[in-house]
Amino acid sequence: MVQRKTENLYEAGTTLIEWLRDPNPASRLQSRMAQTYLSWLRLRRNRLAMVGLAITVALVTMAIFAPWLAPYDPITQTLSERLQPPGTTGHWLGTDDFGRDIWTRILYGSRITLYIVLLVILTAPVAGLIIGTVAGYFGGWVDSVLMRITDIFLAFPKLILALALVAVLGPGMVNAVLAIALTSWPPYARVARAETLTVRNSDYIAAVRLQGAGALRVIWGHVMPMCLPSVIIRVTLDMAGVILTAAGLGFLGLGVQPPSPEWGLMIAAGRKFLFEQWWVATMPGLAIFIVSLGFNLLGDGLRDVLDPRSSGK
Amino acid sequence: MASLDLNDDAPPRLGHFARQSAATIFTLLITFIGLLAVTFFISRVIPTDPVMSILGERATEAQIAETRTALGLDRPMVTQFAIYVWDALHGDLGTSIRTKDPVIEEIARYFPATLELSTIATIIGMLIGIPAGVLAATKPGSLLDQTVRLVGLMGYSMPVFWLGLMGLLIFYGQLGWVGGPGRLDAVYDMMLQFEVTQHTGMILIDTALSGRWDMFANAVSHIILPASLLGYLSMAYISRMTRSFMMNELGQEYITTARVKGMPERRVIWVHALKNVMVPLITVVALSYSFLLEGAVLTETIFAWPGLGRYITDALLVADMPAVLGGTIVVGAVYIGINMFSDLLYRLADPRAK
């Protein structure tokens, strides 16, 4: 009855907003979209989160359109224009010791940053999700063993383990990503396990099992989706950490190698003449800071919206 | 570390505590051996052959075989690992390739500098972070709360090495308020070796004990900048957690009761609520203390601070793996130790955490 009534309403012609605000959703898609819309409205009220969102969107735009936005080439050296201060015509953020435009290099550097972040968030959370759900679902000795391993990795300070790994694997971007991913999965495993434990004994899982579904199917189709929201929140909050670790490795000369315009590497290069030409080290650092702050603000806001349980950390 | 519920028939508190401590120490030991397993694995997959790095390229076959036996590399992996664990538990972390000194002795020389730096940083972080968090929690949503939140998030987003460089640029280069990189001015650095007895390796304590207050002042001017910057990072974490605990505490009924009785608000917050917030804060402070060990790696590079972090990064640059892994093990062990200590302290302080 009710459903038929709403369908008639659409025929009368409704806007998208009205469709989203419909108190009687007609389809699963509509109700899901309405939920998302409500979350969005709540997020929009948080001014800091919107700033974070704007920064994130700007970063992605910069990375995609770098070749069109950048006035120069990021690698080519122009020694006649070396160490120009900010505000020089044509170089509003100045140039480095090889005469390369710093703004151009920051633009191209955003691609490397985004690339590293994407690679890490495509691997570490997935690994953590698998380990956590398997441990939580099976329980018993599987749980004990997997969680002990997780604890061991948690016992390592992240950066130092990453350093040791890169020392063995050799410097370079892929190895840096690998090292960061290997050190950042444990918290995801913890989160996923906790979520799994709460749903494991619920009726719908029992129903699926009675229908003859195997463990793999239950975990993949019915447990993992329940873990996703909390994992996603953690991912957003972790992205800043990934950026900072990658920049730290770059700074120590263990990450991306020169002449790539990686931001940490650019700071390391500017360190030599910090007191005379301050801008060379300052500008890329500001870029790192702004981008991490953007992710943190967004993640903080998202958590308030999606996870009503925690208001602090 | 999940607490093991061995027996719930209301056992005497201290006995219960002892049993839990035993369980904690067991967990600790397992974790430590796991940590060694990871470093062992890392050290065995290094592409460079440890025999070659000791003997050099022109060693004879016989020399190589002899060194292999001496290093125990000809034995099965399991035996090698057992020996590795045994040695590590006895404080033998191998020999540095660069200096040919035992790694553990070198670390013992470098560690006090890190300890001094992170201790002062934690103290700064607590002194600012706890009051800031409490104030933010008393007026949620206010301008003050927003400021504390933003300043905290900025701390989370700051690349610590860049923050160090900016600090040097402004407070040392431009304003000249603080001493530059290093623990002392070069003049004092020379004097330190001859005129001050090294009791602890921590300059502030050693100079104070020797009554060299001029040197003490100089050391303060050097440590204040890196310690404040690291302290800012730990303040970001501590204030955030304090706010969250405090919010939770202020919603409790005993707070309402205290208010209804007419107790002054200041006393309700700073005495009644804060007292209960302090218990979970033990864990937070311990955690931030161990985070600082990590932050110290990059900060020490910037400030030429002769600590553990700098030891590890210097060793990395010349591929001195025993030193890198030895440093990793020590940092990991301290990390585990601090967490266990805070765990025990928490159980002692909070009667509910049985």
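Residues numbered from 1 in each chain as written. Chains lettered and ligands numbered in written order. Predicted model: local features only at pLDDT ≥ 70, side-chain atom pairs only at ≥ 80, totals over all residues.

## Let's talk about the overall build of chain A
Defined as follows: The secondary structure listing takes helices from DSSP runs of H or I that are at least 4 residues long and strands from runs of E that are at least 2 residues long, numbered from the N terminus. Using C-beta atoms placed from the backbone, we call a residue buried if 20 or more other C-beta atoms fall within 10 Å of its own, exposed if 12 or fewer do, and partly exposed for counts in between. Throughout, a pair of residues is in contact if the C-beta atoms placed from their backbones lie within 7 Å.
Each helix and strand in chain A was counted, giving 13 helices and 0 strands. Listing every helix and strand of chain A by position from the N terminus yields α-α-α-α-α-α-α-α-α-α-α-α-α. Once the C-alpha set of chain A is aligned to its principal axes, its extents read approximately 75 × 60 × 30 Å. Looking at chain A as a whole, 43% of its 313 residues qualify as buried. Here the analysis covers contacts within chain A between residues at least 6 apart in sequence; of these, 67% occur between residues at least 24 apart.

## Thoughts on the confidence of the model for chain B
Residue and element names in this part refer to chain B. Operational definition: The quantity called pLDDT is the predictor's confidence in a given residue, expressed from 0 to 100.
In the predicted model, chain B carries a mean pLDDT of 81, and 90% of its residues have values of at least 70. Segment residues 1–11 is flagged for pLDDT under 50; beyond a separation of four residues in sequence, or across chains, it makes 7 contacts in the model. For this predicted complex, the interface confidence comes out at an ipTM of 0.81, alongside a pTM of 0.83.

## Here's the deal with the environment of I290(A)
Mapped onto the fold, I290(A) is located in helix α13 (residues 279–306). The spatial distance from the C-alpha of I290(A) to the C-alpha of A240(A) is 9.9 Å, given a sequence separation of 50 residues.

## Concerning the interface of chain A and chain B
Accessible area lost upon the coming together of the parts is a frequently used measure of interface size. Note the threshold: Note on residue classes: Ala, Val, Leu, Ile, Met, Phe, Trp, Tyr, Cys and Pro are nonpolar, Asp, Glu, Lys and Arg are charged, and everything else, Gly too, is polar.
On the chain B side, the residues contacting the 40 residues of chain A number 43 residues. Elements with a contribution of two residues or more to the side of chain A that touches chain B: α6 (140–155), α7 (158–169), α11 (215–251) and α13 of chain A. By residue number, the principal contributor to the side of chain A that touches chain B is α13(A), which donates 10 residues. Class assignment for the residues of the side of chain A that touches chain B results in 27 nonpolar, 7 polar and 6 charged.

## Details of the confidence of the model for chain A
Interpretation of this model should avoid reading the predicted coordinates in detail wherever pLDDT is low. Mean pLDDT for chain A: 84, with 93% of residues reaching 70 or above. For chain A, helix α1 (residues 2–11) of chain A is the element with the lowest average pLDDT, namely 51, and helix α5 (residues 102–138) of chain A is the one with the highest, namely 91.

## Some points on the environment of L79(A)
Along the chain, L79(A) turns up in the loop between α4 (47–69) and α5. When the C-alpha positions of L79(A) and D96(A) are compared, they lie 9.5 Å apart, and in sequence the two are 17 residues distant.

## Structural notes on unusual backbone geometry
Each neighbour pair has its own omega, and for P258(A) with P259(A) the value is 5 degrees, a cis peptide bond. The backbone of K100(B) sits at a positive phi, close to 65 degrees, despite the residue not being glycine. Looking at the secondary structure, you find K100(B) in the loop between α4 (77–89) and α5 (103–138). Under the C-beta neighbour-count criterion, K100(B) is labelled exposed, with 8 such atoms within 10 Å. Here A304(B), not a glycine, exhibits a phi torsion of approximately 45 degrees, which is positive. By the secondary structure assignment, A304(B) is in the loop between α12 (265–302) and α13 (308–317). Take A304(B): there are 12 C-beta atoms within 10 Å of it, and that puts it in the exposed class.

## Considerations on the packing of α4(A) against α13(A)
All names here are of chain A. Condition: Axis angles are defined between N-to-C directions and span 0 to 180 degrees, where every axis is a line fitted to C-alpha atoms and, for a helix, only to the segment in contact. An angle below 35 degrees is read as roughly parallel, one above 145 as roughly antiparallel, one from 65 to 115 as roughly perpendicular, and any other as oblique. Each crossing gets its hand from how the near helix is turned against the far one by less than a right angle, where anticlockwise is left-handed and clockwise is right-handed.
Two elements in contact, α4 and α13, have axes separated by 7 Å at closest approach and are oriented at 130 degrees. Taken together, the axes of α4 and α13 are oblique relative to one another. The two elements α4 and α13 meet at a crossing, and its hand is left-handed. Between α4 and α13, the contacting residues are L48, A49, V51, G52, L53, I55, T56 and L59 on the first element and I290, V291, L293, G294, F295, N296, L297, L298, D300 and G301 on the second. The class makeup of the residues in the contact of α4 with α13 is 12 nonpolar, 5 polar and 1 charged.

## Digging into the packing of α5(B) against α13(B)
Residue and element names in this part refer to chain B. Interaxial distance between α5 and α13 falls to 7 Å at its minimum, and their mutual angle equals 130 degrees. Taken together, the axes of α5 and α13 lie oblique to each other. Counted together, E106, I107, Y110, F111 and T114 of α5 and L308, G309 and Y311 of α13 form the full contact between these two elements. Looking at the contact of α5 with α13, its residues break down into 5 nonpolar, 2 polar and 1 charged.

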